[in-house]
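# An overview of the molecular structure
Each chain, written out:
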Amino acid sequence: VLQGDSAVSAADVDRVIELFDSTLWDRPLMASLLGQYVRGKGVEYTRRLKPAVAELEVYTFITEDLIKKATDAIADVDFPMLYNDLRELSYKKHEGGEARIISRDEIGESVFSKASRGRLKLFEPVQGGEFVQLYHLRISEFLAAVH
């Protein structure tokens, strides 16, 4: 089912999926990233994790992977800069009870320009591209938590 160096059976996938809240695999991108994580770590390793630890590891992997892909697409932004900026912003919005939408001023022109046109998987445009938000609410919560 999951392809990589070796195929993973449907039964293996079922045993791994039951560890996680459905938000980790309910969207195609999230399911794909979960599959990449399992391929990289292995089914047995993943199955041995406690659910809370597994969720933390997977959200770390997913968040870092999406930020890395975003910074690869933007010449003047590096991984530590965007990761730290998003941690600060997510924490600020979470603590202040603010909406999770992000303006051009909050993430800068080069990131916002690509994000608002749907060119970065990390973000999705909202309100007709006038704002963006992180692709998944749990990513925002994760970034706020690791602030």
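Residues numbered from 1 in each chain as written. Predicted model: local features only at pLDDT ≥ 70, side-chain atom pairs only at ≥ 80, totals over all residues. Heavy atoms only, no water.

### Looking at the overall build of the protein chain
Heads up, the rule is: For the purposes of this entry, the term helix denotes a DSSP run of H or I that reaches at least four residues, the term strand denotes a run of E that reaches at least two, and both are numbered from the N terminus. Restricting the calculation to C-alpha atoms gives the radius of gyration, and the globule rule supplies 2.2 Å times the number of residues raised to the power 0.38. Only protein chains enter the accessibility calculation, which uses a 1.4 Å probe; a residue whose area is less than 20% of its type maximum is buried, one above 50% is exposed, and one in between is partly exposed. Residue contacts are counted whenever heavy atoms from the two residues lie within 4.5 Å of one another. For the accessible areas, the method is Shrake-Rupley and the probe is 1.4 Å, while residue cover comes only from the protein chains on display.
Helix and strand counts for the protein chain stand at 8 helices and 2 strands. In terms of overall dimensions, the protein chain is globule-like: its C-alpha atoms have a radius of gyration of 16 Å, near the 15 Å expected for 147 residues. Taking the principal axes of its C-alpha atoms as reference, the protein chain extends roughly 45 × 30 × 25 Å. Buried residues in the protein chain amount to 39% of all 147 residues. In the protein chain, the share of contacts with a sequence separation of at least 24, taken over all contacts with a separation of at least 6, comes to 56%. By element, 51% of the accessible surface of the protein chain is carried by carbon and sulfur atoms, the whole surface being about 7900 Å².

### Details of the packing of helix 4 (residues 51-72) against helix 8 (residues 137-145)
Note the cut-off: Here an axis means a line fitted to C-alpha atoms, over the contact stretch when the element is a helix, while the angle between two N-to-C directions is reported on a 0 to 180 degree scale. Here is the rule for angles: anything less than 35 degrees is roughly parallel, anything more than 145 is roughly antiparallel, 65 through 115 is roughly perpendicular, and the remaining ranges are oblique.
Two elements in contact, helix 4 and helix 8, have axes whose closest approach is 10 Å; the angle formed by their N-to-C orientations is 100°. Taken together, helix 4 and helix 8 sit at an angle that is classed as roughly perpendicular. Contact with helix 4, carried on its side by Glu55, Leu56, Tyr59, Thr60, Ile62, Thr63 and Leu66, involves Arg138, Ile139, Phe142 and Leu143 of helix 8 and no other residues of that element.

### Section: the packing of aromatic side chains
Just so we agree on the cut-off: Pairing of aromatic rings covers Phe, Tyr and the six-membered ring of Trp, with a centre-to-centre limit of 6.5 Å; geometry is then stacked below 30 degrees between planes, edge-to-face above 60, and tilted otherwise.
Under the counting rule described, the total for this entry stands at 2 aromatic pairs. Centre to centre, the rings of Phe79 and Tyr83 are 5.5 Å apart; their planes meet at 15°, and the pair counts as stacked. Linking Phe79 with Tyr83, this pair stays in helix 5 (residues 79-96), spanning 4 residues, or about one helical turn.

### With respect to the side chain of Ser90
Mapping Ser90 onto the fold places it in helix 5. In this view, Ser90 contacts Leu134, Ser140, Leu143 and Ala144; residues no more than four positions away in its chain are not counted.

### What about the side chain of Asp65?
The cut-off we apply is this: Here a polar contact is recorded for every N or O atom pair within 3.5 Å, except that within protein the pair must consist of a potential hydrogen donor and a potential acceptor, and residues adjacent in sequence are included only if both atoms are side-chain atoms.
Within the element layout of this structure, Asp65 appears in helix 4. Exposure remark for Asp65: the relative accessible area of 17% places this residue in the buried category. For Asp65, the side chain forms a polar contact with the side chain of Lys69, separated by 2.9 Å.

### Description of the nonpolar core
Note the cut-off: Nonpolar core, defined: a set of buried Ala, Val, Leu, Ile, Met, Phe, Trp, Tyr and Cys residues in which side-chain atoms within 4.5 Å join the residues together.
Residues Leu82, Leu86, Ile107, Val111, Leu122, Phe123 and Leu134 are the most contacted members of the largest nonpolar core, which totals 38 residues. Here this core gets 7 residues from one element, more than from any other, and that element is helix 4. Leave out the neighbours within four places in its chain, and Leu86 touches Ile67, Ile107, Leu122, Phe123, Leu134 and Leu143.

### Topic: unusual backbone geometry
The backbone of Gln127 shows a phi angle near 50°, a positive value even though the residue is not glycine. Its place among the elements puts Gln127 in the loop between strand 1 (123-126) and strand 2 (131-134).

### A word on the environment of Tyr37
Locating Tyr37 in the fold gives a position in helix 2 (residues 28-41). Take Tyr37: its relative accessible area is 3%, and that puts it in the buried class. Of the polar contacts made by the side chain of Tyr37, one reaches the side chain of Glu57; its length is 2.4 Å.

### Concerning the pattern of salt bridges
Inclusion rule: For this document, the term salt bridge refers to a Lys or Arg side-chain nitrogen within 4 Å of an Asp or Glu carboxyl oxygen.
Tallied over the full model, the rule gives 9 salt bridges. With a shortest N-O distance of 2.9 Å, Lys69 and Asp65 are connected by a salt bridge. Note that Lys69 and Asp65 are positioned in helix 4 at a spacing of 4 residues, about one turn of the helix. For Glu109, the salt bridge is made with Arg104, and the minimal N-O distance between the two is 2.8 Å. Owing to a relative accessible area of 46%, Glu109 belongs among the partly exposed residues under this scheme. Residue Arg104 is classed as partly exposed on the basis of its relative accessible area, which comes to 37%. One salt-bridge network, held together by shared partners, links Lys92, Lys93, Glu98 and Glu106.

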